[in-house]
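# Analysis of the macromolecular model
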Amino acid sequence: MRFPHRIQQIQTILDSYKYPEPFAQPLKNYFKANPKFGSKDRKQLRELTFAYLRTGNLFAEFDLDKALGLSLILTGKTELFGKEEAFFNQGIYGEIARLPTIDERLKALQKIHPEISKEDIFTFSNLVSEGFKNEEFIESHLEQPLVWIRIQQGKEKLVEADLKQNFIYPLAEKYLGLGFAQDTKLTELQSFQKGWFWIQDASTQSAADYLGANENEIWWDCCAGAGGKTLCLADNVPSVKIY
């Protein structure tokens, strides 16, 4: 990894971002304008930029190269460092990078840089509802979320067999739901193409399962979303009539 070159590339991508578009858009634009980047380069740039963005304003007072390095240490992505980045791989920073949890790494970094505060990761904490687990919510920004799938009832064994055949294993499980790493090629599976499972975030699945519909009930879908919870509801209780 040629770290100085990456810093320049990341700075260009960040400078091209225009609110309120999703950050994925300037990445796509940059790759389109620079077709020389292969799949590994594109993946690395995505991981580097999102690791930096996840820390919010935590390292806003640092230059981009150091802020990025500290972000990678905090989020546990130091494998993206090149060998020449000895500053972050050795000494006290290397020791911090080897700590097992985000909380431990953050506290260790605060001893070196007492000016950084966890509240700077998510700067709208004052708007969060009372009773909400704010500490956990803030720390969740530092971890890349899993991609979740929802399995159609009765297709569990077929989907499981397809996953095993392709050496794909879930990192988390819930009722009819499985969580995988972001770069898992789930849509290439035959079980996906046959409609035996669909991509659906864990919160939507939990909301649908919480509804507790009974056989032959009539439900009114008055949400303006894509219908994900309704899809789960219909799969959970096929006799439900939905309008």
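Just so we're clear, the structure is a prediction, and the values are computed from it rather than from any experiment.

What follows concerns the pairing of strand E3 (residues 177–180). Neither face of E3 is left uncovered, since the one carrying Gly177 and Gly179 and the one carrying Leu178 and Phe180 both have all their residues buried. Bridging between strand E1 (residues 147–151) and E3 involves 4 bridges; their strand directions are antiparallel. Its bridge partner lying in E3, Arg150 is registered against Gly177. Two elements, strand E2 (residues 172–174) and E3, share 3 bridges in a ladder whose sense is antiparallel. Residue Ala172 lies in a different strand from E3, and its bridge partner there is Gly179. The turn linking E2 back onto E3 is made up of 2 residues, and Leu176 within it adopts a positive phi angle of 60 degrees.

Pairing is antiparallel in the open sheet, where 4 strands are placed in the order E2-E3-E1-E4. Only two strands of the sheet have a single partner each, and these edge strands are E2 and strand E4 (197–199). Recorded for the sheet is a direction-independent mean angle of 25 degrees between the axes of neighbouring strands. On the sheet, helix H11 (residues 202–210) packs against E1, E2 and E3 and is oriented at approximately 35 degrees with respect to E1.

To continue, consider helix H12 (residues 228–236). Three or more residues of H12 are buried, namely Thr230, Cys232, Leu233 and Asp235. The secondary structure elements touched by the buried residues of H12 are E1, E4, H11, strand E5 (218–219) and strand E6 (241–242).

A few words now on helix H7 (residues 102–112). Residues lying three or four places apart along an α-helix face the same way, a consequence of the helix completing one turn every 3.6 residues. When we look at burial in H7, the residues that qualify are Ile102, Arg105, Leu106, Ala108 and Leu109. One side of H7 holds all its buried residues, which, seen down the axis, span an arc of 165 degrees. On its buried face, H7 is in contact with helix H4 (64–75), helix H6 (91–97) and helix H8 (134–140).

On to the pattern of salt bridges. What the rule picks out here adds up to 6 salt bridges. Glu139 is the partner of Lys118 in a salt bridge, and the nearest nitrogen-oxygen pair spans 2.9 Å. Of the two residues, Lys118 is situated in the loop between H7 and H8 and Glu139 in helix H8; the sequence distance between them amounts to 21 residues. Judged by relative accessible area, which is 11%, Lys118 ranks as buried. For the salt bridge of Lys164 with Glu160, the shortest nitrogen-to-oxygen distance reads 3.3 Å. One end of the pair, Lys164, and the other, Glu160, are both in helix H9 (residues 156–165), 4 residues apart, so they sit about a helical turn from each other. By relative accessible area, Glu160 is classed as partly exposed at 42%. In the salt-bridge network here, residues are joined through shared partners; they are Asp103, Lys107, Lys118 and Glu139.

What counts, and where the lines are drawn
Residues numbered from 1 in each chain as written. Predicted model: local features only at pLDDT ≥ 70, side-chain atom pairs only at ≥ 80, totals over all residues. Heavy atoms only, no water. Buried < 20%, exposed > 50% of the residue type's maximum accessible area, 1.4 Å probe, protein only. Helix = DSSP H or I, 4+ residues; strand = E, 2+ residues; numbered from the N terminus. Pairing = 2+ DSSP bridges. Axes fitted to C-alpha atoms, helices over the stretch in contact; angles between N-to-C directions. Contact = heavy atoms within 4.5 Å. Arc of directions from axis to C-beta. Salt bridge = Lys/Arg side-chain N within 4 Å of Asp/Glu carboxyl O.

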